[in-house]
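# Structural features, examined
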Amino acid sequence: MEHCDGENSAKRPNLSDGGGSEDRLSALPDDVLIHILLKLLDVAVAARTSVLSSRWRRLWTLLPELNFPSPSDPQHIRLALTAHEAPALHRLSVYFIDATADSVAAWLPMAARRLSGNLLLINTAPHNETEDEAAEGGALELPCFENATSIHLELGYLGLAVPPLGEFAGLTDLFLACIKLHGPCKLGEAVSSLRCPSLQRLTVSDAWGMGNFNIHSESLKKLKLINVHQLQQLTVMTPALIHLNVTSCFSSSHNLPVANISAPQLVSLDWGDHYDPRFTQLGKMENLECLSPYPFLVCGRGDSAHELNSSCVRLLQRFELIRSLSLLLAYTTDTPNKQYLMEDIKRLPDLTHLALYINPAGHSFGASVFHLLRMCTGVRNLVLTFYSAPHHPEAQTPCPSGCACDQPPNWKTEQLALDRLRVVEIWHLRATEHEAALVKQLFEWETVLEKMTVYFHCSVTKSTAKKFWRMLRNFSRPGVRMIGRRVA
């Protein structure tokens, strides 16, 4: 037994024999060894290879990417940046848990001087409910990253102050989430062309302290503003902008929001927010192809329900011709004694692609889909996606007889010719009677359909899916290619 161990020991390769004789691995070129260290995805682990031999001692300092997994130690980050000797730092990734502004400020200016690529900083922390509580933790002063190309900050509701001076000359992508803005310098000033001449993509999500956002950018192509709380005034002057998404930014404002958008090259508009043409100026959008308005409540009670839907209706009336419309139809569980509101939508833009996202909450939705389809009989592609809130799975009791959701009741017998509809996709089918009724009518209405693809929800058993699938195939006419799949 001892003899065998000795043989294995003699054959086992050593990183170093202690006398300076290098092993085969250490004989590899620096770029190969650096590539190996990058695979470790942890600066601390890479640095520990220094003990293997003198060949490895300073190799980790030449890494072009530094990754600090959670929970990162600010002192270790500062020391690693000080020791870093690579010609360029192309990527810096840092993950914190409940960090403070001071702990990030201890190393961030050093990173700003070194970085010539991407910065990813994610701080996981509980949401401070009030601005006063956030102010107690101070604000992180963002240094000017002159050579960075991408900055992604998720700050866990730390305060953030953008620099009043300096140019982010190489920055093309900026992502800011879970932030509370502080300081005299407005974010719009910092991201406009004078200081971000190369910026192409900007996302601001779940942000506080942006009562006004005013951006003038010659280079910006994609702008997303999602849950920018209490936004009151929005000005976007972006001649190269292609995609604009404004969602849940004005809903919490106590005053009437004002927006002025100038984006003549805009192709895609996601406006999931209040819209009133008296206060929201969208300018000329002659190149617009894709539109997604505020969700539409199918059934409701009184003037408040009509007012809620007015933003969607007004935006649909704003455009005459687009290629694609995406619309969310929302139902509530307490629909009895409420009005059917689909009649508020009196016309749709001329379009060829219609995507409907339906949250049925156990109700019938065929009448609503019929109401929309009869206003766009030239549609060629139809996508239906069913979804339910986590606390309202679709295994619900059917709605009572006479429920407003099934208005008008004659939708199954009305004549409708969809003589250009060629492709239908249905996502997250749960094999309900309401779904079967709608699919059956689609086959009654279509005349030139070529393909229907059905994706069953993962909660549907294989046996149920097969049975439902056979029923759908019986509805179809010869010549229609039917494809059924189950979403994993």
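Residues numbered from 1 in each chain as written. Predicted model: local features only at pLDDT ≥ 70, side-chain atom pairs only at ≥ 80, totals over all residues. Heavy atoms only, no water.

To continue, consider the sheet that holds strand β12 (residues 258-262). With respect to topology, 4 strands assemble into an open sheet ordered β8-β10-β12-β14, the strand pairing being parallel. The sheet terminates laterally at β8 (212-216) and β14 (280-281), the two strands that pair on one side only. Pairing analysis gives 2 bridges linking β12 to β14, with the strands arranged parallel. Directly across from A259, in β14, lies its bridge partner T280. (Pairing = 2+ DSSP bridges. Helix = DSSP H or I, 4+ residues; strand = E, 2+ residues; numbered from the N terminus.)

A word on a positive patch on the surface. On the surface, K462, K466, K467, R470 and R486 cluster together into a patch of positive charge. Within the secondary structure, R470 is located in helix α12 (residues 462-475). Look at R470 and you get exposed, because its relative accessible area is 51%. (Patch = residues over 30% accessible without salt bridge, like charges linked within 9 Å, V, L, I, M, F, W, Y side chains within 5 Å. Areas by Shrake-Rupley, 256 points an atom, 1.4 Å probe, with all protein chains shown as cover. Salt bridge = Lys/Arg side-chain N within 4 Å of Asp/Glu carboxyl O. Lys, Arg positive; Asp, Glu negative; His and termini not counted. Charge placed at Lys NZ, Arg CZ, Asp CG, Glu CD. Buried < 20%, exposed > 50% of the residue type's maximum accessible area, 1.4 Å probe, protein only.)

With that settled, the discussion passes to the environment of A431. Position of A431 among the secondary structure elements: in the loop between β22 (423-429) and α11 (433-445). The sequence separation of A431 and T461 amounts to 30 residues, and the corresponding C-alpha distance is 9.8 Å. In contact with A431, other than residues within four places in its own chain, are V460, T464 and F468. (Contact = heavy atoms within 4.5 Å.)

Nonpolar side chains collect at one region of the surface, where L28, V32 and I36 lie side by side and expose about 190 Å² of accessible area between them. Inspection of the secondary structure puts L28 in the loop between α1 (2-11) and α2 (30-38). Residue class for L28 comes out partly exposed when judged on its relative accessible area of 31%.

Further remarks concern helix α10 (residues 366-373). In an α-helix, one turn spans 3.6 residues, which is why side chains three or four residues apart end up on the same side. Summarising burial for α10: 8 of the 8 residues are buried, a large majority. Those residues of α10 lying buried are G366, A367, S368, V369, F370, H371, L372 and L373. Looking at the buried side of α10, the elements it contacts are β18 (324-330), β19 (339-340), β20 (353-359), β21 (381-386) and α11.

Turning next to unusual backbone geometry. The amide bond that connects S70 to the next residue, P71, takes the cis arrangement and shows omega of -5 degrees. Checked against the element boundaries, P71 lands in the loop between β1 (65-68) and α4 (74-83). Of note, the phi angle at Q230 is positive, near 60 degrees, even though the residue is not glycine. Note that Q230 resides in the loop between β9 (222-228) and β10 (233-237). Here Q230 falls in the partly exposed class, since its relative accessible area comes to 35%.

Judged by how many residues are buried, β21 sits mostly within the fold: 5 of 6 residues are covered. By the bridge criterion, 6 bridges tie β20 to β21 in an arrangement that is parallel. Note on β21: the bridge partner recorded for A355 is V383. Traced from β20 through α10 to β21, the parallel crossover comes out right-handed. Of the pairings in the sheet, the one linking β21 to β22 comprises 5 bridges and is parallel in character. (Right-handed = clockwise from strand over helix to strand, strands pointing away.)

What follows is about the confidence of the model for the protein chain. For residues with low pLDDT, the predicted coordinates do not support detailed interpretation. The predicted model of the protein chain has a mean per-residue pLDDT of 87, with 88% of residues at 70 or higher. The secondary-structure element of the protein chain with the lowest mean pLDDT is α1, recorded at 42, while strand β15 (residues 290-292) shows the highest, at 98. Under a pLDDT of 50 for its full length, residues 1-21 has, in the predicted model, 11 contacts with residues more than four places off or in other chains. (pLDDT = per-residue confidence, 0-100.)

Turning to α11, a few remarks are in order. A rise of 1.5 Å per residue sets the reference length of α11, with its 13 residues, at 18 Å; its end C-alpha atoms lie 19 Å apart and thus fit the reference within 8%. Along α11, the residues that are buried comprise E435, A436, A437, L438, V439, Q441, L442, F443 and W445. Summarising the contacts, the buried residues of α11 are in contact with α10, β21, β22, β23 (451-456), α12 and β24 (481-486). (Expected span 1.5 Å × (residues − 1).)

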